[in-house]
Amino acid sequence: MINVDLHCHSVVSDGTLTPEALAQRARSNGVELWALTDHDELGGQDRAIAAARDAGLPYLTGVEVSVTFAGVTVHIVGLGMDHTNSTLLAGLAATRGGREQRAREMSDDLARVGIPGVYEGALKFVGNPDLISRSHFARYLVEIGVCKDISEVFRKYITEGKPGFVPHRWATLGDAVSWITGAGGVAVVAHPGRYKFTATEEYALFTEFKAHGGQGVEVMTGAHGQADYVKYAGFCQEFDLLASRGSDFHSPEESHTDLGSLPYLPGSVTPVWELLQPRILL
């Protein structure tokens, strides 16, 4: 058993800490293998690699790719891939492309319910304007007192059926998995317990994911409870998948699960990092 955290975000996407600060926090929290997995972006990888080396922290390259499946946004984490791979970089650039237009439409919708200027306000929380997201909108709505915290924002706004929600068509599942595996990495279904799928839709997701070459699923992650741990450990057996562990940490102020604080994987599963041993950077 080692303390592994293979899912977190920096200011390069929608986190609030730099890659360097995340490396130090991971090390201080006892993490023994770390990956930075910014949304649809590899721009923080060189910094994370250097910071991990400075901290004496073994590291795997990572990314979290936004996918549309059955009309729902699903996230696929890539681990251990070549972060300079041209096909992967081009695919992620195309995936990021629609974020600005979506953000402007979200802002216009919020203005219609009496909250003007949210796009402009959210920009000051954005480290990379190409990656403006709902998290940046949420931070601004908290700052101006519309809501008391991030959770309240997502209960009242910017989610399906609420003011400020605008759907976005991301990459296909097949594209995301092929970009990751084509760059030498392993594709992992991120926090599957978060998605509002029927049992049939979820089975279809995992069946198609496997057919495209996906190999892992997050069993231990910040969005999961005990029942999810048991359920997705079972999916590892049913679909012959490797198990991953990652907090999905974004911010000291906002995240309920800190880096390195998750329970260990159950003994019934095979950890994804066993397959990735040759890709670990020391």
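Structure first, text after, so check above.
Residues numbered from 1 in each chain as written. Predicted model: local features only at pLDDT ≥ 70, side-chain atom pairs only at ≥ 80, totals over all residues. Heavy atoms only, no water.

**Examining the overall build of the protein chain**
- Across its full length, the protein chain carries 11 helices and 7 strands.
- Its C-alpha radius of gyration of 18 Å places the protein chain within 12% of the 19 Å reference for a compact globule of 282 residues.
- Each principal axis of the C-alpha atoms in the protein chain carries an extent, and together these give about 50 × 45 × 40 Å.
- Per-residue burial over the protein chain gives 55% buried out of 282 residues.
- The long-range fraction of contacts in the protein chain, counting pairs at least 24 apart against all pairs at least 6 apart in sequence, stands at 72%.
- Approximately 11600 Å² of the protein chain is accessible, and the part contributed by carbon and sulfur atoms is 51%.
- Within the protein chain, the 34 negative side-chain charges are centred at a point lying 4 Å from the centre of the 23 positive side-chain charges. (Helix = DSSP H or I, 4+ residues; strand = E, 2+ residues; numbered from the N terminus. Rg over C-alpha atoms; globule rule 2.2 N^0.38 Å. Buried < 20%, exposed > 50% of the residue type's maximum accessible area, 1.4 Å probe, protein only. Contact = heavy atoms within 4.5 Å. Areas by Shrake-Rupley, 256 points an atom, 1.4 Å probe, with all protein chains shown as cover. Lys, Arg positive; Asp, Glu negative; His and termini not counted. Charge placed at Lys NZ, Arg CZ, Asp CG, Glu CD.)

**Remarks on the packing of helix α9 (residues 199–211) against helix α10 (residues 226–239)**
- Where α9 meets α10, the axes come as close as 12 Å, and the angle between the chain directions of the two elements is 45 degrees. Relative to α10, the element α9 lies oblique. Considering how the two elements wind past one another, α9 and α10 form a crossing that is right-handed. On α10, the residues that touch E202, Y203, F206, T207 and K210 of α9 are K231, Y232, F235, E238 and F239.
- Of the residues that constitute the contact of α9 with α10, the class distribution is 5 nonpolar, 1 polar and 4 charged. (Axes fitted to C-alpha atoms, helices over the stretch in contact; angles between N-to-C directions. Parallel < 35°, antiparallel > 145°, perpendicular 65-115°, else oblique. Left-handed = near helix turned anticlockwise from the far one by under 90°. Nonpolar A, V, L, I, M, F, W, Y, C, P; charged D, E, K, R; others polar.)

**A short note on the pairing of strand β4 (residues 72–79)**
- Taken across its 8 residues, β4 has 6 buried, putting it largely inside the fold.
- Across 8 bridges, strand β3 (residues 62–69) lies against β4 in antiparallel orientation. Each bridged residue has a counterpart across the sheet, and for V65 the counterpart in β4 is I76.
- Following β3, the chain reverses through 2 residues before pairing antiparallel with β4; A70 in that reversal takes a positive phi of roughly 55 degrees.
- Bridge analysis of β4 against strand β5 (residues 186–189) gives 4 bridges, and the strand direction is antiparallel. When the sheet's bridge partners are listed, L79 is paired in β5 with V186. (Pairing = 2+ DSSP bridges.)

**Structural notes on the sheet that holds β4**
- Across the sheet, which stays open at both edges, the 5 strands sit in the order β3-β4-β5-β6-β7 with mixed pairing between neighbours. The open sheet has two edge strands with one neighbour each: β3 and β7 (242–246). The average angle at which neighbouring strand axes cross in this sheet is 40 degrees, direction not considered.

**A look at unusual backbone geometry**
- Of note in the backbone geometry, I158 takes a positive phi value of approximately 50 degrees without being a glycine.
- Of note in this structure, D240 is not a glycine but carries a positive phi near 55 degrees.
- Positionally, D240 belongs in the loop between α10 and β7.
- Using a relative accessible area of 61% as the deciding quantity, one classes D240 as exposed.

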